[in-house]
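# A closer look at the structure
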Amino acid sequence: MLSPLSALNANDPYEQLIAQIIRLERQPQQALQARKAEQQRFKDVLGMFDSKLSALHTQLKGFTDTFSNPFSVRAVTQDEAAAFRASAGASAALGTHTLNIQRLARADHRVSQRLDTNAADLRSFFDANGAQTFSMEVAAPTDADPQRREHISVTVDPTGASNGEILDEIATAIDDAMRTAAEAGTIRSTERVAASVLHETSDTARLSLRSGASGYANRLAFTDSSGGLLALLEVDRQAVVAGAGSTPATPASVTGSSISGPFQIENNNRNLDLTINGATVNAQIAKGTYNTIDDLAAAIGDAVGNDVTVGVDGDTLRFETNATGASSSLQITGGNALGTLGLQAMAEPVYGADATQTGGDTRGGMMVDVGTSEIDSALNSVFILDGLTHYRSTNSVTDALEGVTVELRQVSEAEESFTVGIDEEAARVEVESFVEKYNEVLDFIFQKSQVDAEAGTRGDFAGERTITGLRYAMRNAVVSPVAGQPAGFALSDLGLTIKGDGTLELTDPEALTAKVEEDADAVQRLFGNADGLATRLTTRLDTFLGVEGLIDSREGIIDQRIRRLDDRIGGWDERLLRRENQLREQFAHLQEMIASFEGQQQIVSGFFGGF
C-alpha cells in the first residue's frame, strides 16, 4: 500500500522505485494474510460441520425423549362431517369411542325488560334515587382456586333524558368497569361481561348482558343497588324470558340473475368493480374456460379477495360480505364482466342487518335456564361419551378422556364414533428426517476428506483422524444390533437399508408403518433405550458439540492463531511504513548529492569555457 504522499508523486521515478521495493518486501505480510484467510476458511467449514451435527443431534433427542416419542404420537380417525373434532396426545389410550352431542354450552345471556326508547321511565327513577351502584359476580378461576368468583362494582349516574340514552350509558358503565377490572388483573379480559343495547323494534330497547365464557361455571350473579335499579330493569329476574330468541347479525348480499356455462373468459382484462364495506375493489378475473358456475365462482372469489364470499345459488352467483351487521355494505358498481356474470350495476349499496332480540315477552330475565348445578343448567353442554352422559361448561372438552380433546361443534343427529390410533405418518416423517440428517453428516465428512493426488488437492478433513473417525463410528452405531430388542424389530425390519457408503435409505415405508402399528414401544426402544441407535449416536456427537466439544475447542485454537496472525500482519504494516519513509529519505539524500554534483559540474564547465 502506498502512503498518501507517495500517491501524490506516483509519476516520480523514485516513488515508483520505492513502491516496487515495498511490494517486494510486503510478500511475507501477504503470506501471513493468506494463512489467516485459510484459517478463517477452515473455521467456516467447522461451522458448517457443527450445524449439520447439531441438526442431527436435535433429531436424535426426539427419539430419546420419552415425553415426545414420535412413535407414540396419536392420530384420530373420524368422519369429516361429524358434529365434533377430536385430537389426541401421546397419553391417549388406543381404541374406538362413541359420542352423541345433545346440547352445546352457551354463555349466560340476560336481558332487561323491554322499554319504550323515547320514554323517560329511567330518567324519573334516577331523579328520584340518584346515582346507583350495583355489582356483577363473574367467574375468575385460578389454578389455586378453580371456583374463584369476583364482584365487579358498577356505578351509574346518567345524564340522558330518554330510556334509550340511559340504557346506552348503563352499558357503557358496565363495559368501563369490566375493562378496569381486567386491566387491574382482577379478572381476565376473556371473563369480561359484554353489555349492549338491543332494539327489537325501532322504538323499543333492552339492556343485554352476556358472560365472557360459556357454561354454568361462568354464570352471572347480581347484587342490586340501593334503589333497586336491576329489579326495575328485571335483568336479574330468575325466570326465562318466554318466547324470546335472538336473531343473529346478517351480512350484506347480492344475488345475480340466472347464467349457464361453460363460461369463457377470453382475455385478461375482464373485471368487476365493487365497493365492499366502503372500500373500492377492482377484481381482475383470470382468463380461461370455466366449465361450471362453481368453477367461475371460485375464480371470482380469488379475484375479489377475503372480504366477500362468492357462492352459487342454483344457477346464479351470490356475493356476501364476511362482515355482518348494519355497518357491512356491498355494491356492484361496474366492470366489463357484468353481463357474463348475470350482474348489473347498482345505484345504491345494500347493507347487512344487526343482531336483534325477538319474541313477544316484554319482561326481562334469563335467555336460557341457568339452573342450580352443572347437571340441570341449560348453559352447559351435554354429550354422551361411550354410553355415559357428561356435562361441561365448555364446548372444548379436555378431561372426559385421558389425552383426548373433543371440540363440540353442533348437536348430533345420531351417535357418531372416532378412533384413537398410532400416527404412522408422523413416525415416517421423523424417520425420514433422521435419515436425511444422518446422511448429510456422513456425506459432508466424506466430501471434506477426499484427496486428489493428480489435481494436488486435499480435503479440509484429510488427515483429521478424529473427524474422519466419527464417520466410521456412526456407521458402526447403526450397524450393531441393539440389546434386548424382540425378534423382527431390527433396523432392516423397519424398511431401512444401510448402503455401502454407510448412509441410510428408507426403502420400504410400508414396513415401517406396519412395525409402528404392531408395537410402537419396540420401535422406540430400537432408537431410544440405553443401547439404542439414537442413544449411541448422541453419545458420539456429544464429544464434538457444546462448549466442551472438539469443534468448539478447535475453533478456539483457530481464533488464537488468527489473533496472532493479525498481530504479525499489523507489525508488518508499521515496519513497511518505516521502510518506506527510510527509502524516501535515502532517495532524497541521493537527489541532493546529484544536484550538488550537477552544480559543481556547471561551475567547472563555466571555468574552462572562459579560456
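Rules used in this analysis
Residues numbered from 1 in each chain as written. Predicted model: local features only at pLDDT ≥ 70, side-chain atom pairs only at ≥ 80, totals over all residues. Heavy atoms only, no water. Helix = DSSP H or I, 4+ residues; strand = E, 2+ residues; numbered from the N terminus. Contact = heavy atoms within 4.5 Å. Buried < 20%, exposed > 50% of the residue type's maximum accessible area, 1.4 Å probe, protein only. Core = buried A, V, L, I, M, F, W, Y, C linked by side-chain atoms within 4.5 Å. Pairing = 2+ DSSP bridges. Axes fitted to C-alpha atoms, helices over the stretch in contact; angles between N-to-C directions.

## Describing the environment of Ala483
Mapping Ala483 onto the fold places it in the loop between helix H10 (465-479) and strand S30 (496-498). In this structure the C-alpha to C-alpha distance between Ala483 and Arg525, which are 42 residues apart in sequence, comes to 9.7 Å. Ignoring sequence-local partners within four residues, the contact set of Ala483 consists of Asn529 and Asp531.

## Let's talk about the environment of Thr275
With respect to the helices, strands and loops of the structure, Thr275 is situated in strand S14 (residues 271-276). Judged by relative accessible area, Thr275 falls into the buried class, the value being 18%. Each C-alpha atom, one on Thr275 and one on Gly334, is 9.9 Å from the other, the two residues being 59 residues apart in sequence. Among all residues touching Thr275, those that are not within four sequence positions of it are Thr280, Ser329, Leu330, Gln331 and Thr333.

## Here we look at the nonpolar core
If you look at the biggest cluster of nonpolar residues, it comprises 48 residues, and the most contacted ones within it are Phe49, Leu53, Phe71, Phe434, Tyr438, Met474 and Phe527. At 9 residues, the largest contribution of residues to this core is made by helix H9 (residues 424-448). What Leu53 contacts, discounting residues up to four positions off in sequence, is Val441, Leu470, Leu541, Phe544, Leu545 and Ile551. Core analysis: the next-biggest nonpolar cluster, separate from the first, contains 33 residues, Val156, Ile166, Ala173 and Phe222 among them.

## Quick word on helix H13 (residues 533-542)
Extensive coverage of H13 is indicated by the burial of 7 of its 10 residues. Of all the positions in H13, only Leu533, Ala534, Thr535, Arg536, Leu537, Thr538 and Leu541 are classed as buried. Buried-residue contacts for H13 involve helix H3 (27-64), H9, H10 and helix H12 (520-528).

## Structural notes on the sheet that holds strand S1 (residues 74-78)
With antiparallel pairing, the 5 strands of this open sheet are ordered in space as S1-S27-S3-S23-S24. Edge positions in the sheet fall to S1 and strand S24 (388-392), since each has one partner strand and no second. With strand direction ignored, the average angle separating the axes of adjacent strands in the sheet is 30 degrees. Looking at chain direction, strand S23 (residues 381-385) and S24 are connected through 5 bridges and run antiparallel. For Ile384, the partnering residue across the bridge sits in S24 and is Thr389.

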